[in-house]
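# Structural overview for review
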Amino acid sequence: MKKISGNKLLVKALREEGVDTIFGYPGACTIDISDELYKQDFTKVILPRQEVALVHEADAYARSTGKTGVCLVTSGPGATNLVTGLATAYYDSVPLVCFTGQVARHLIGNDAFQEVDIVGITRSITKYGVVVKKREDLGRIIKEAFYIARTGRPGPVLIDLPKDVMAELGSGEYPESVNIRGYKPSTGVHIGQLKRAIKMLGKAKRPLFLAGGGVIISGARKEFTCLAERTNVPVVTTVMGRGAIPTNHPLYIGNLGMHGAYASNMAVSECDLLFSIGTRFNDRITGKLHSFAPKAQIVHIDIDTAAISKNVQVDVPIVADAKEAVEKLLEYVERYDTEKWLGKIYGWKKEYPLIMREKPVMTPQDVIDTINRIFDEAIIVTDVGQHQMFTAQFAEITEKKQLIMSGGLGTMGYGLPGAIGAKIGNPDTYVISISGDGGMQMNIQELATAVLEELPIISCIFNNNNLGMVRQWQKLFYGKRYSMTCLRSGAACRGRCGEVPCPEYTPDFVKLAESYGAKGIHITKKEEIEPAFLEAMKSKKTPYVLEFDIDPEDLVYPMIRPGGTLEDMIMDC
């Protein structure tokens, strides 16, 4: 076989892996790779405005399509700009393969221009990271990277590519398979443990399914819904697991945790069997660990051995892919007598419904209810903050709707680039991003990417003039000392809040959208919500920015008190 450069082999590997989209930003150490990509036509190369947004775009592309997202950036700051996005993907189990440029091998360790130890920097937030030190290892390493990223608990993998290694000639052969000693992802389900869990399910008087993001990641939404229906067991979800069962299903109670529904949190506190699938039991859903599900035996199914009994001690651990486990459960389970238990749960839902107070002015629920009503099929991507929790509470997620957000890391700035990545991967589906005015400005430059790629995404901004979630804590627990949360604050009023006129809000989001070539609509009243969405839905190539005026006093309830238990909820104030 004719010898080829490492740059050519990389492009060949991308073709063999079926990569149809690459999110890349060029630089000196990757310019030769860019040149090789220019010569091919099998993959689309997306040029975002910055690497921070680039990795979020690849992330949402992966989440929304089930494919592996691919990033290409240069050395130094190009590589370090990936850090937040890699951590976002790592905590939410998103398969990414990220290629970073690196200086030539003889310069590594000499503080060369744009040289960083990116593998060392990202070691704790990647599933695997490696510097390619020999040209003959390149093909094998790339093959292993794609395999590692998508198998077991998915996650990001980083490959650092020294410029001289990539220029070197070598074999053009790309491996067909991998065999990594020490990496053998769990396959199959331990039937003995599964039968133990089913026996407990049969004896329980108050059983409860807890579905996490693992159900979504494994593609088990349909099977899990069938499991709930066959057993007649109610379901709560984590925020990342919302949509594991349609949110309008009678067996679905709601999200649990920090801003979970009252009925959901009470169901966890009162159940005698918590049957958990695909969640890590992080602090956002457990509250005080010693008080979490205090009356329940716990079954935990998870693909990651390290996640089981890490935070919550469980009675029956089952290491398995969520979809495989649910499919196997369906072979054995039957309908259980849960009518009395369901009656109690429905009583909680009736007594404390998850609904915002009716107000004459527009509320976040008004906007989300409109989305629920007029979009039969959509991908909803959120940023992080109050708007994210409102969306997680009120958005209807059904078989034709998907919810994407940064859950584990809570990354502001994810919403707009996430919508771009989702739309690129799903060009025929409506994609709606929901951001706060703070998070939107963290990656607002990506409006240029959306315009140039002709992506008719609908970007909603819930503008309350504040960093709302932090302000909510300041109102409830810090004596209304609103430090560093007012986004109007500046030199004209600093330290004199209430004494001088409030400065004009900046930017004007509609004018800013128009300056990028997008279209903008400013919505101030309830009756303007639906017409704005209907107008945006007509667009075939142009992104829309819809800015909604939101009262900063609209808070997310229920809310668990800091250090409290799931039963220690603030319902309103």
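Scroll up to find the structure this text is about.
Residues numbered from 1 in each chain as written. Predicted model: local features only at pLDDT ≥ 70, side-chain atom pairs only at ≥ 80, totals over all residues. Heavy atoms only, no water.

### Regarding the overall build of the chain
Secondary structure summary: the chain contains 23 helices and 22 strands in total. Against the 2.2 N^0.38 benchmark of 25 Å for 573 residues, the chain shows a C-alpha radius of gyration of 25 Å, consistent with a compact globule. Here the C-alpha coordinates of the chain stretch approximately 70 × 70 × 45 Å along the principal axes. For the chain, with 573 residues in total, the buried portion stands at 58%. The long-range share in the chain, meaning contacts at least 24 apart out of those at least 6 apart in sequence, stands at 76%. Entry remark: accessible area of the chain is about 24200 Å², with carbon and sulfur atoms responsible for 51%. Charged side chains of the chain number 66 positive and 67 negative; the gap between the two group centres comes to 4 Å. (Helix = DSSP H or I, 4+ residues; strand = E, 2+ residues; numbered from the N terminus. Rg over C-alpha atoms; globule rule 2.2 N^0.38 Å. Buried < 20%, exposed > 50% of the residue type's maximum accessible area, 1.4 Å probe, protein only. Contact = heavy atoms within 4.5 Å. Areas by Shrake-Rupley, 256 points an atom, 1.4 Å probe, with all protein chains shown as cover. Lys, Arg positive; Asp, Glu negative; His and termini not counted. Charge placed at Lys NZ, Arg CZ, Asp CG, Glu CD.)

### Quick word on the pattern of salt bridges
Enumeration over the complete set of coordinates arrives at 28 salt bridges. Two residues, K526 and D366, come together in a salt bridge whose shortest N-O distance is 3.8 Å. Taken together, the residues span a long stretch of sequence, with K526 in the loop between β19 (519-523) and α23 (529-537) and D366 in helix α16 (residues 364-374) at a distance of 160 residues. The exposure class assigned to D366 is buried, which follows from its relative accessible area of 17%. Through salt bridges with shared partners, a single ionic network connects K8, D35, E36 and K39. (Salt bridge = Lys/Arg side-chain N within 4 Å of Asp/Glu carboxyl O.)

### Focus: the side chain of S276
By the element assignment, S276 lies in strand β12 (residues 273-277). Classification of S276 as buried rests on a relative accessible area of 0%. Excluding residues that lie within four positions of it along the chain, S276 makes contacts with L210, F281, V299, H300 and I301.

### Examining the pairing of strand β15 (residues 378-382)
Across the five residues of β15, five count as buried, placing the element largely inside the fold. Side chains A378, I380 and T382 of β15 all project onto a buried face; the interleaved residues I379 and V381 project onto the opposite face, where all are buried too. Note that β15 and strand β16 (residues 401-404) share four bridges and pair parallel. Its bridge partner being in β16, V381 is matched across the sheet by I404. Taken together, β15, helix α17 (residues 386-394) and β16 constitute a β-α-β crossover, and its handedness is right-handed. (Pairing = 2+ DSSP bridges. Right-handed = clockwise from strand over helix to strand, strands pointing away.)

### Focus: the sheet that holds strand β20 (residues 544-549)
Taken in spatial order, the six strands make up an open sheet running β16-β15-β17-β18-β20-β19, and their pairing is parallel. One side of each edge strand has no neighbouring strand; the edge strands of this open sheet are β16 and β19. Taken over all neighbouring pairs, the strand axes of this sheet differ in orientation by 20° on average, direction set aside. Direction of pairing for β15 relative to strand β17 (residues 430-436): parallel, over a ladder of five bridges. Among the inter-strand pairings, I379 is bridged to a residue of β17, identified as V431. α23 contacts β17, β18 (458-463), β19 and β20 of the sheet and is inclined by roughly 170° relative to β20. (Axes fitted to C-alpha atoms, helices over the stretch in contact; angles between N-to-C directions.)

### A word on the side chain of T449
Position of T449 relative to the elements: it lies in helix α20 (residues 447-452). Each residue touching T449, except ones within four places of it in the same chain, is listed here: I46, L47, P48, R49, E57 and I420.

### Considering the nonpolar core
Within soluble globular proteins, side chains that are nonpolar tend to cluster in buried spots. With 45 residues, the main nonpolar core has L96, V381 and I457 as its most contacted residues. With six residues, the top contributor of residues to this core is helix α3 (residues 51-65). For L96, the residues in contact, after removing those within four places along its chain, are V55, A58, D59, A62, T68, G69, A89, A149, G155, P156 and V157. By size, the runner-up hydrophobic cluster in this structure holds 36 residues, among which are A220, L227, A244 and L342. (Core = buried A, V, L, I, M, F, W, Y, C linked by side-chain atoms within 4.5 Å.)

### Structural notes on helix α15 (residues 339-351)
The end-to-end C-alpha separation of α15 is 18 Å, in line with the 18 Å expected for 13 residues at 1.5 Å each. Where α15 is concerned, the buried positions are W341, L342, I345 and W348. Down the axis of α15, the buried side of the element spans an arc of 115°, and every buried residue falls inside it. Among the exposed residues of α15, those pointing more than 90 degrees away from its buried face are K340, K350 and E351. (Expected span 1.5 Å × (residues − 1). Arc of directions from axis to C-beta.)

### A look at unusual backbone geometry
Omega for the bond connecting T506 with P507 falls within 30 degrees of zero, at 10°, which places this linkage in the cis form. Take P507: it is sitting in the loop between α21 (468-477) and α22 (509-516). With an omega of -5°, the peptide bond running from Y557 to P558 counts as cis. Topologically, P558 is positioned in the loop between β20 and β21 (559-560).

### Section: the environment of I318
Structurally, the position occupied by I318 is in strand β14 (residues 316-319). A residue is classified by how much of its surface remains accessible, and I318, at 2% relative accessible area, is buried. With sequence-adjacent residues up to four places away left out, I318 is seen in contact with V189, Q193, L194, A197, V299, H300, I301, D302 and I308.

### What to know about the environment of K480
Looking at where K480 falls in the secondary structure, it is placed in the loop between α21 and α22. Look at K480 and you get exposed, because its relative accessible area is 53%. Setting aside residues no more than four positions away along its own chain, K480 makes contact with Q474 and K475.

### Quick look at the packing of aromatic side chains
Geometry of an aromatic ring pair is reported as the spacing of the ring centres plus the angle between the planes. Tallying each qualifying case throughout the model produces 14 aromatic pairs. Considering the side-chain rings of F462 and F548, the 6.1 Å spacing of their centres and the 85° angle between planes classify their relative orientation as edge-to-face. Here the residue F462 occupies a position in strand β18, and F548 occupies one in strand β20, the gap between them amounting to 86 residues. This pair shows no difference in class: F462 is buried, exactly as F548 is. Cluster of aromatic residues (ring-pair linked, three or more members): F375, Y430, F462, F533 and F548. The ring of Y90 has R153 lying over it, and the distance from NZ or CZ to the ring centre is 5.4 Å. (Phe/Tyr/Trp six-rings, centres within 6.5 Å; stacked < 30°, edge-to-face > 60°. Lys NZ or Arg CZ within 6 Å of the ring centre and 35° of its normal.)

### Structural notes on the sheet that holds strand β3 (residues 44-46)
If you trace the six strands from one edge of the open sheet to the other, you get β3-β2-β4-β5-β7-β6, paired in parallel fashion. Two strands bound the open sheet, and with one partner strand each, they are β3 and β6 (128-131). Across the sheet, the mean angle from the axis of one strand to that of its neighbour is 20°, orientation sign disregarded. Alignment of β6 against strand β7 (residues 156-162), held across four bridges, turns out to be parallel. What sits directly across from V131, in β7, is D160. On the sheet, helix α7 (residues 138-150) packs against β4 (69-73), β5 (96-102), β6 and β7 and is oriented at approximately 165° with respect to β7.

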